[in-house]
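# Working through the structure, step by step
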Amino acid sequence: MRIRRILAAVIATAALAGLGITGAATATAASLTPGECEQGGGTVNRATNTCAGGMFDGQMVD
């Protein structure tokens, strides 16, 4: 019984850790709107469609 409980806890922990990593990767892969770039303190570089400066520096802008 004890081994089953430990194994279940390990599997549950691994599953939750995997979801956290997947969610973080998905969140960073999305591109920004021009308004989000400006709210983060940057400006939109229309030549490269990226956010220049601020907290979203270098991220793609729609």
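Heads up: these notes are all about the structure in this document. Source: prediction; values computed, not measured. (Residues numbered from 1 in each chain as written. Predicted model: local features only at pLDDT ≥ 70, side-chain atom pairs only at ≥ 80, totals over all residues. Heavy atoms only, no water.)

### What to know about the state of the cysteines
This is how the line gets drawn: The definition used for a disulfide is geometric: two cysteine sulfur atoms within 2.5 Å. Numbering goes from the N terminus for both helices and strands, where a helix is a DSSP run of H or I of at least four residues and a strand is a run of E of at least two. Only protein chains enter the accessibility calculation, which uses a 1.4 Å probe; a residue is then buried when its area is under 20% of its type maximum, exposed when over 50%, and partly exposed in between.
Tallied over the full model, the rule gives one disulfide. Bridging Cys37 to Cys51, the disulfide has an S-S length of 2.0 Å. Because the sign of the S-S torsion sets the handedness, a value of about 90° for the bond joining Cys37 and Cys51 places this disulfide among the right-handed ones. Taken together, the residues span a long stretch of sequence, with Cys37 in helix α2 (residues 34-39) and Cys51 in strand β2 (residues 50-52) at a distance of 14 residues. An identical accessibility class is assigned to Cys37 and Cys51; each is buried.

### Remarks on the nonpolar core
Condition: What is meant by a nonpolar core is a set of buried Ala, Val, Leu, Ile, Met, Phe, Trp, Tyr and Cys residues, joined one to another through side-chain atoms within 4.5 Å. Residues count as neighbours in contact if any of their non-hydrogen atoms are within 4.5 Å of one another.
Among the nonpolar cores identified, the biggest contains five residues, and these are Leu32, Cys37, Val44, Cys51 and Val61. In this structure, Cys37 is in contact with Leu32, Gly42, Thr43, Val44, Cys51, Ala52, Phe56 and Val61, ignoring residues within four places of it in sequence.

### Here's the deal with the side chain of Thr50
On the secondary structure map, Thr50 appears in strand β2. For Thr50, a relative accessible area of 15% translates into the label buried. Dropping the residues within four chain positions of it, Thr50 is found in contact with Thr43, Val44, Asn45, Gly58, Gln59, Met60 and Val61.

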